[in-house]
Amino acid sequence: MKITDIKTLLIDRYLFVQVYTDAGITGLGESGAWGYLEASAGAVETFKRYLIGQDPLRMEHHWQYLYRWSAFRGAAIMGALSAIDIALWDIMGKHFGVPCYQLMGGKTRDKARVYYHVFGETKEELIQGCIDAKAKGFTAVGHLTPFLDEDPSLPFFKTHVDKMEDAIDTVRRYREAVGKEVDLCVEIHRRLTPAEAIVLARGIEQYHPFFYEDPILPDHFDSMALVAQHINIPIATGERIHTIYEFEMLLKRGAVQYIRPDVCLAGGLTHCKKIAAVAEAHNVGVVPHNPLSPVSTAACIQLAACIPNFALQEYPLGENEPPKSEIVKSALKCENGFIIIPDAPGIGVELAEDAQEKWPYKPRTVKTRLHLDGSVIDQ
Ligand SMILES: [Mg+2]
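The rules behind each value
- Position numbers for residues start from 1 in each chain and track the written sequence from start to end.
- In keeping with the predicted nature of the model, local features appear solely for residues at pLDDT of at least 70, side-chain atom pairs appear and are counted solely at 80 or more, and the whole-chain, interface and lining totals rest on all residues.
- Note that the side-chain values use all heavy atoms of the structure and ignore hydrogens as well as water.
- Working definition: a ring pair exists when centres of Phe, Tyr or Trp rings (six-membered ring for Trp) sit within 6.5 Å. Plane angles under 30 degrees give stacked, over 60 give edge-to-face, the rest tilted.
- The helix count covers DSSP runs of H or I at least four residues long, the strand count covers runs of E at least two residues long, and both are numbered beginning at the N terminus.
- Residue exposure (1.4 Å probe, protein chains only): buried if accessible area is under 20% of the type maximum, exposed if over 50%, otherwise partly exposed.
- Charge over a ring is defined by NZ of Lys or CZ of Arg lying within 6 Å of the ring centre and within 35 degrees of the ring normal.
- We call two residues in contact whenever any of their non-hydrogen atoms come within 4.5 Å of each other.
- Pairs of strands are assigned from DSSP output, requiring at least two bridges between the strands.
- Crossovers are marked right-handed if the path from the first strand over the helix to the second runs clockwise, as seen with the strands pointing away from the viewer.

Examining the packing of aromatic side chains
Next, step 1: In this structure the tally under the stated criterion is 10 aromatic pairs.
Next, step 2: Aromatic pair Phe-138 and Tyr-315: ring centres 6.3 Å apart, planes at 35°, arrangement tilted. Here the residue Phe-138 occupies a position in the loop between helix H4 (123-135) and strand E5 (140-144), and Tyr-315 occupies one in strand E11 (residues 313-315), the gap between them amounting to 177 residues. As far as burial versus exposure is concerned, Phe-138 and Tyr-315 are alike and both buried.
Next, step 3: Centre to centre, the rings of Phe-210 and Tyr-258 are 5.0 Å apart; their planes meet at 25°, and the pair counts as stacked. With a gap of 48 residues between them, Phe-210 in the loop between helix H6 (194-204) and strand E7 (211-213) and Tyr-258 in strand E9 (residues 258-259) connect regions that are remote in the sequence.
Next, step 4: Through a chain of ring-to-ring contacts, three or more aromatic side chains come together here, namely Tyr-115, Phe-210, Phe-211 and Tyr-258.
Next, step 5: Here the basic side chain of Arg-73 rests over the ring of Tyr-67, its NZ or CZ set 3.9 Å away from the ring centre.
Next, step 6: In this arrangement the basic side chain of Lys-111 is found over the ring face of Phe-338, its NZ or CZ atom lying 4.8 Å from the centre.

Written out as structure tokens, the structure is:
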């Protein structure tokens, strides 16, 4: 079997990659470099010059070749490499007539527990979102901020004491709203300094969040380790890093208790299986990052299905509503807070034929929030 063509498809807010073969099998993947999808599509075009004519079943070799042929790294390139890797696994599964996880060690579970996204502009909406998720049968909620996702055009200002006390009280209200039947995955979106992160973690410890995600900018692993050493709730991080080398640096510092590799960014299934194994050696759980389309969810579930240290799967809103429900032919089934591991060959989902026509590309606006003093802040 040989690769005959590779196409990139920008649809709605997503970048998909289709790999075609002379056997008539097509593989589907997605890039996780969501801020730079045009750049990631450009990297796929560069990789295509090597891949045409190659045997699609040699994914580890192609991964190594594409990662190591030139000097450059980063999210746009790794998103492209990940999308291609997922598409090659999809081809491999279809070629052998089995799901990808069957070729990666077989099932370690029959279903994968998920956390549901909660969005809202007010605290009342966020609390109601937690209650609604519980009513729908979810046992964990996430993307759950103790701050508000306020309009980024509004300048931010709060005193330290107000920022901390308000956030602690908000987590208390989330816990009171759902009781002990729902886990809270608290998402800080990199908003705090290490000193603030320690104060807030100590304040919310009594509400037992499942994890405390990206309390600070994740770029400096020693800083994340410093926070981890001073708090008693588990840190989740890793959605912005790409390789086993970076994850090992994070893990050996004791900076993380749940790693968050993005299958569409951290090297696809080939590499994320290895990242999970590195975490396994540190007794650390895996919570695959997944803010993208049902194609990303399907790739994450192939990983969740075959690793022993899977902990929880991010499950974004709207998989069963347009545009997502119209981008794929059929999304994976989620019942009572668990995604059923699919039996279909490959990754288990296909793009709808009219997806691109129906859902044209929506480029993202380059926008971030500013402090009252005019400086850039994270939200
Ligand atoms: Mg996150």
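Now that the structure has been shown, the text picks up again.
Topic: the side chain of Arg-369
Next, step 1: Tracing the backbone through its elements, the reader meets Arg-369 in the segment after helix H12 (355-358).
Next, step 2: Classification of Arg-369 as buried rests on a relative accessible area of 3%.
Next, step 3: Non-local contacts of Arg-369, meaning those with residues more than four positions away in its chain, are made with Glu-150, Asp-151, Pro-152, Leu-154, Pro-155, Phe-156, Ser-375, Val-376, Ile-377 and Gln-379.

Focus: the pairing of strand E6 (residues 183-187)
Next, step 1: Extensive coverage of E6 is indicated by the burial of 4 of its 5 residues.
Next, step 2: Of the strand pairs in this sheet, E5 and E6 are connected by 3 bridges, and their pairing is parallel. Each bridged residue has a counterpart across the sheet, and for Leu-144 the counterpart in E6 is Val-186.
Next, step 3: Once you follow E5 into helix H5 (residues 160-178) and on to E6, the crossover reads as right-handed.
Next, step 4: Bridging between E6 and E7 involves 3 bridges; their strand directions are parallel. When the bridges of E7 are listed, Glu-187 appears paired with Glu-213.
Next, step 5: Between the parallel pair E6 and E7, the chain is carried across by H6, and the sense of this crossover is right-handed.

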